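What follows is the residue order along each chain.
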Amino acid sequence: IHVFNRHSRQRNYKTEFESCRPEIVPLDFGDYHPLKPITVIESKTKKMGRKGSTSSTSSSSSSSMVDPLSSVLDGTDPLSMFAAIADPVTTTVNMDGSRKKRDRDDNSLVGTDFEPWSSKRGDILARYTTTEKLSIVSCKTTTSTSAMSEKVRTRLEELDDLEEGSQRELLNLTQQDYMNRIEELNQSLKDAWASDQKVKALKIVIQCSKLLSDTSVIQFYPSKFVLITDILDTFGKLVYERILSMCMDNRSILSDHFSPENVNDTAKETCLNWFFKIASIRELIPRFYVEAAILNCNKFLSKTGISECLPRLTCMIRGIGDPLVSVYARAYLCRVGMEVAPHLKESLNKNFFDFLLTFKQIHGDTVQNQLVVQGVEIPLYLTLYSPAIDWILQCIAYHAPEVLLTEMMERCKKLGNNALLLNSVMSAFRAEFIATRAMDFIGMIKECDESGFPKHLLFRSLGLNLALADPPESDRLQILNEAWKVITKLKNPQDYINCAEVWVEYTCRHFTKREVNTVLADVIKHMTPDRAFEDAYPQLHSIIKKVIAYFHDFSILFSVEKFLPFLDMFQKENVRVEVCKCIMEAFIKHQQEPTKDPVILNALLHVCKTMHDSVNALTLEDEKRMLAVLINGFIKMVSFGRDFEQQLSFYVETRSMFCNLEPVLVQLIHSVNKLTMETRRVMKGNHSRKTAAFVRACVAFCFITIPSLTGIFTRLNLYLHSGQVALANQCLSQADAFFRAAVSLVPEVPKMINIDGKMRPSESFLLEFLSNLFSTLLIVPDHPEQGVLFLVRGLLNVIQDYTWEDNSDDKIRIYTNVLHLLSAMNQETYLYHVDKVDSNDSLYGGDSKFLAENNKLCETVITQILEHLKALGKDETLKRQSVLALSFFNSILAHGDLRNNKLNQLSVNLWNLAQRHGCADTRTMVKTLEYIKKRSKQPEMSHLSELALRLPLQTRT
Amino acid sequence: MGTVLDIKIKRANKVYYAGEVLSGVVVISSKDPVQHQGILLTMEGLVNLQLSAKSVGMFEAFCNSVKYTLRCDLRRSLLAKDLTKICEFIIHSTPQKGKSTPSPVDFTITPETLQNVKERASLPKFLIRGHLNSTNCVITQPLTGELVVEYSEAAIKNIELQLVRVETCGCAEGYARDATEIQNIQIADGDVCRSLSVPIYMIFPRLFTCPTLETTNFKVEFEVNIVVLLHDDHLITENFPLKLCRI
């Protein structure tokens, strides 16, 4: 054991800093900078089809650097490639073909502004449900096939079996059972197809489409249509892809715009076979649906195939007697037509006109009898038509000229009980078209027969349009008055709220808070009796969303008198919290300036309190985090300007309100610390008596809040941070208390801590924290009543007693850092100071007793380090020993005065120890030696050259 | 299975006309060398005869029982089995020269036009009008027309097109007539809208139809029935003889 006196090297921080600082190079802004955005000028074109229309793809960047991503991907990134193919606009732009061709291409794709069927199906399924029992005729599926192959039946028999034997009617299915059944059929279709049983697949599809001729449980029909046409779509796709795959020879792949001449005979024959098979289906409805499903396959046979097929299929629907079944068949045909050949508009129109011709059937005896049997009311029955008519009209209205729309509207007007059609016109036509004629529509709606299609649906549809497009300025108020006059008279709360929800948006969009207030009041009036609001939470929620979407200024929003009473309707806790979240999100998003408006504060504190109070033991971490973020966002937006005391009392109040959310408390501590520093800034560092008392109050706030937190490192860091703030504000004893609290908390740090749900060892965090703490301790003046370096000693004791990991050297790393601290404390003037705080350098003024104490401490620490090094002398730890020895050597080199013989000797020993077992990295050793030699050339460092001579380099063996 | 034998006929639709050469290839795919003692190609034309149920001692042979096959045998030594592959093909009679002249037919069906009615008085009133674009049909083209239910007291359940093949074998002693329904197509389902024309459209099934054939003792003819089923289960049928030809 070496006993020696340690001497810190005298440092002149100023000159050192200057010598260390890198040479300042003026920046040339024209130069490349890694963070400068790369401007890529790209001329991208995509090769379309086999006609090979256009050029190559290139991407060049204006900066000299090549974007590594684009270079890897050979110029075009795959996403934009897809986009280039999918996007009709790009396609057309890049087509260098004739203008005619371009136009055709434009037509043959439906743009993104066309609302696709897929977005409708969910609504339909949710809206048209039943509690009645359903029945289905189906065959035994999946299981049968394997069993039969055991019996060695011929395939033909199997098919007969499918048609006759195993077919059975399943009665009394609930809606869910029924849907499962259909899904099963869908699955067995895919299975049959995958196992090459094409005929079986066709039979399944035929069976499914047969279900569409069954109108028992009529209120479920729209949903049934959705489910079954899904299967038909699947089938259509399977057949199309199968035939397409037959067209692919080994070498060429048929492009999307192939022409029938390029299709080989086998593929054509297969395709023809499908059509022949379908043409021989006995029943009309399955024959229609299955043929419509594979309409796209006509492309393989002839160019005009689809344009000949569509009118024929349109006519074919005339044979369907039931008006509901037939209108859905039309909707399906339009849907397929829109997908396959959207440019063939005539068929769409024809379908609609045909429908108008059969419109009178709805009031015919056959339908009326059916409704009586099923006990379905006319208004409900009429709503069943809406999805189909909406869809047909939407297809027609897509990019249609105004004249056509007007014509359609006129035709609808001519028919009796046109409310159904009127509603569909409003759902399908462009909102602008409807909005400019809003007064006309209101007139028409008023004229409608009361007993027919529900009027509130008409107003709802109109409202939806007005939310999207603006009616003429002069009509606006009248429209609202006329509409609301009707809406407010609706008796059924559900009908009422569905309408009101839509019209709130119109009101917010065009009118002031006065009108909105009236509307909200009306809603409250309607929804309060019998607690009707309980069944209308989604709509009420949506009303709130609409209101806050239009009122970004929260002082105006909260001055809407009925807004808070409206919130009171949300009485179910989770709904209320959701609404609160919405409000807070909007506030954080839209509030630009900090506020002290008492109206906003009161209302939002109430809102935040609601969110906070919803937290309980079962609340998920994520949810808590979410709520805390929202509340923090609010706290950060509150400012009372120069009224710091008011600000502090606000923080005190919020602390008591949100004590269950730790992140909020953390935020409050940071906010108070910020407030303290703000006070200091205002006072320019010279606190008056009043401000001194105030900052002490702030510091006290932090000091009593921190212990209530659970996260150990949160507490440690906040103690340190608050201590620094206290120090900066000349609250010495308070700062002392913070640091002491931190020091006494260190033993409680567990070995493992939970970070993002994973257990991690805590030592690295502790190391980080302690190093940070050391840096602060340098400037903390010693407490007059405690001994010299009281805090450092205390900390050393804690480190000594802490149970460190057996196989880690973090303890030694910390000791090394302590040495650095001590050597910094030995300097005549410290590296940094806090304004107006005398650190130990001026307190002791280089007093020899202080230095002696300091040196004693150094000695103890060094002894500890050396003992540890010795303990590492075992075989398996030699590597660690070497690394530590070298790092300790470096520390001495940097901070020790090597003119001291003992220290000099120690460093030589460490050098040798590092190399002794051949574990040292030779390159590092060489570099270190070079560094020493270089340093020795500096003034007052000549003694290093002697040292260098004593440091042998181990030759590599 | 090492060796696979396959016949590939050049024409994808496998349809040939009298006097034409049927060509194609026999494909033998195998991983190992195949030894054989000859590859034989046999063509067969087969008419399935059955004893008539109606008149004793007479054979009946009907159109769909005529079958042409091409058979390929790969002879192999005693140890290995012979391989066989059979491939069916179709022979169409040579297209007739000249154009078929369209012969449109208009029809009106009312209770009064019906024959074989037991109680005409109990029949509900109805008026169905329509037309067939032609009863002279090209076998590859669909049968087309229109039908309008102008008026009907009873609700309509169903309207169907029934394609019937009538085969007549005859000789001095008498003749056998056999009518078979070969296809049934529903053109209206349920109570169709009044005064709105419903299309009549039927594709002739490829395997069950042939051009109308008339010889002294063998005839193949086709008819179409328009069958209207009313909701009270009254069945109304209107018959139209067709003349099919191939051009």
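Residues numbered from 1 in each chain as written. Chains lettered and ligands numbered in written order. Predicted model: local features only at pLDDT ≥ 70, side-chain atom pairs only at ≥ 80, totals over all residues. Heavy atoms only, no water.

**Re the overall build of chain A**
- When you go through chain A residue by residue, the secondary structure sums to 48 helices and six strands.
- A total of 957 residues make up chain A; the buried ones form 51% of that total.
- Considering only intrachain contacts with a sequence separation of at least 6, the fraction spanning at least 24 residues in chain A is 73%.
- Of the roughly 47000 Å² of accessible surface on chain A, a fraction of 53% belongs to carbon and sulfur atoms. (Helix = DSSP H or I, 4+ residues; strand = E, 2+ residues; numbered from the N terminus. Buried < 20%, exposed > 50% of the residue type's maximum accessible area, 1.4 Å probe, protein only. Contact = heavy atoms within 4.5 Å. Areas by Shrake-Rupley, 256 points an atom, 1.4 Å probe, with all protein chains shown as cover.)

**Points about the sheet that holds strand β13 (residues 197–202) of chain B**
Residue and element names in this part refer to chain B.
- Overall, antiparallel pairing links the four strands, which are arranged β7-β8-β10-β13 in an open sheet. The open sheet terminates on both sides in strands that have one partner only, identified here as β7 (105–109) and β13. Strand-to-strand twist across the sheet, computed as the mean angle between neighbouring axes with direction ignored, equals 20°.
- Across seven bridges, strand β8 (residues 126–132) lies against strand β10 (residues 143–152) in antiparallel orientation. Following the sheet pairing, Gly130 is matched in β10 by Leu147. (Pairing = 2+ DSSP bridges. Axes fitted to C-alpha atoms, helices over the stretch in contact; angles between N-to-C directions.)

**Here's the deal with the interface of chain A and chain B**
- Taken together, the contacts link 28 residues of chain A with 23 residues of chain B.
- Between chain A and chain B the total buried area reaches about 2000 Å² when both faces are included, carbon and sulfur atoms providing 56% of it.
- Looking only at chain A, the three residues that lose the most surface to chain B are Phe276, Arg282 and Arg318 of chain A, adding up to 29% of its buried area.
- Summed over the shared surface of chain A and chain B, the result is twelve residue pairs in polar contact (both at pLDDT 80 or more).
- Secondary-structure elements contributing two or more residues to the side of chain A that touches chain B are α12 (265–279), α13 (284–293) and α15 (305–316) of chain A.
- Per-element accounting of the side of chain A that touches chain B gives the leading share, seven residues, to α12 of chain A.
- For the side of chain A that touches chain B, the per-class residue count stands at ten nonpolar, nine polar and nine charged. (Buried area = accessible area lost by both parts, 1.4 Å probe. Polar contact = N/O pair within 3.5 Å; in protein donor to acceptor, adjacent residues only side chain to side chain. Nonpolar A, V, L, I, M, F, W, Y, C, P; charged D, E, K, R; others polar.)

**A look at the packing of aromatic side chains**
All names here are of chain A.
- For the structure on display, the rule yields 40 aromatic pairs over all chains.
- Ring geometry for Tyr289 and Tyr332: centres 5.4 Å apart, planes at 40°, overall tilted. With a gap of 43 residues between them, Tyr289 in helix α13 and Tyr332 in helix α16 (residues 323–340) connect regions that are remote in the sequence. For the pair Tyr289 and Tyr332, one class covers both residues: buried.
- Counting every residue linked through ring pairs, the aromatic cluster contains Trp117, Tyr221, Phe225, Phe288, Tyr289, Tyr328, Tyr332 and Trp391.
- For Lys277, the ring lying beneath its charged end belongs to Trp274, and the centroid distance is 5.5 Å. (Phe/Tyr/Trp six-rings, centres within 6.5 Å; stacked < 30°, edge-to-face > 60°. Lys NZ or Arg CZ within 6 Å of the ring centre and 35° of its normal.)

**So, the pairing of strand β1 (residues 4–9) of chain B**
All names here are of chain B.
- On β1, burial follows the alternation: Leu5, Ile7 and Ile9 on one face are buried, whereas Val4, Asp6 and Lys8 on the facing-out side are not.
- Note: β1 against strand β3 (residues 24–29), six bridges, orientation antiparallel. Residue pairing for β3: Asp6 is matched across the bridge by Val27.

**Some words on the side chain of Thr619 of chain A**
- Note that Thr619 of chain A resides in the loop between α33 (598–613) and α34 (621–636).
- Apart from the residues within four sequence positions on either side, Thr619 of chain A is in contact with Ser614 and Lys624 of chain A.

**Looking at the nonpolar core**
- Phe352, Trp503, Val523, Leu540, Phe563 and Phe634 of chain A are the most contacted members of the largest nonpolar core, which totals 305 residues.
- With 15 residues, helix α11 (residues 221–247) of chain A is the single largest residue contributor to this core.
- Sequence-distant contacts of Phe352 of chain A, that is, excluding residues within four places in its chain, are made with Ile389, Ile392, Leu393, Ile396, Met408, Cys412 and Leu421 of chain A.
- Listed in part, the 37 residues of the second largest apolar core include Ile159, Phe204, Phe222 and Ile226 of chain B. (Core = buried A, V, L, I, M, F, W, Y, C linked by side-chain atoms within 4.5 Å.)

**Let's talk about the packing of helix α10 (residues 198–210) of chain A against α11 of chain A**
Residues and elements named next belong to chain A.
- Closest axis-to-axis distance for the α10/α11 pair is 9 Å, and the angle between their directions is 150°. Taken together, the axes of α10 and α11 are roughly antiparallel relative to one another. Both α10 and α11 take part in a crossing whose hand is left-handed. Counted together, Lys198, Leu202, Val205, Cys208 and Ser209 of α10 and Ile228, Ile231, Leu232, Phe235 and Arg242 of α11 form the full contact between these two elements.
- Partitioning the contact of α10 with α11 into residue classes produces seven nonpolar, one polar and two charged. (Parallel < 35°, antiparallel > 145°, perpendicular 65-115°, else oblique. Left-handed = near helix turned anticlockwise from the far one by under 90°.)

**Details of the pattern of salt bridges**
All names here are of chain A.
- Tallied over the entire structure, the rule returns 39 salt bridges over all chains.
- As a salt-bridge pair, Lys581 and Glu578 come within 3.3 Å of each other at their nearest N and O atoms. Placement of the pair is Lys581 and Glu578 together in helix α32 (residues 573–590), with a separation of three residues, close to one helical turn.
- Owing to a relative accessible area of 8%, Lys581 belongs among the buried residues under this scheme.
- The partly exposed category is assigned to Glu578, whose relative accessible area is 36%. (Salt bridge = Lys/Arg side-chain N within 4 Å of Asp/Glu carboxyl O.)

Such coordinate-based values are descriptive only and should not be taken to indicate function.
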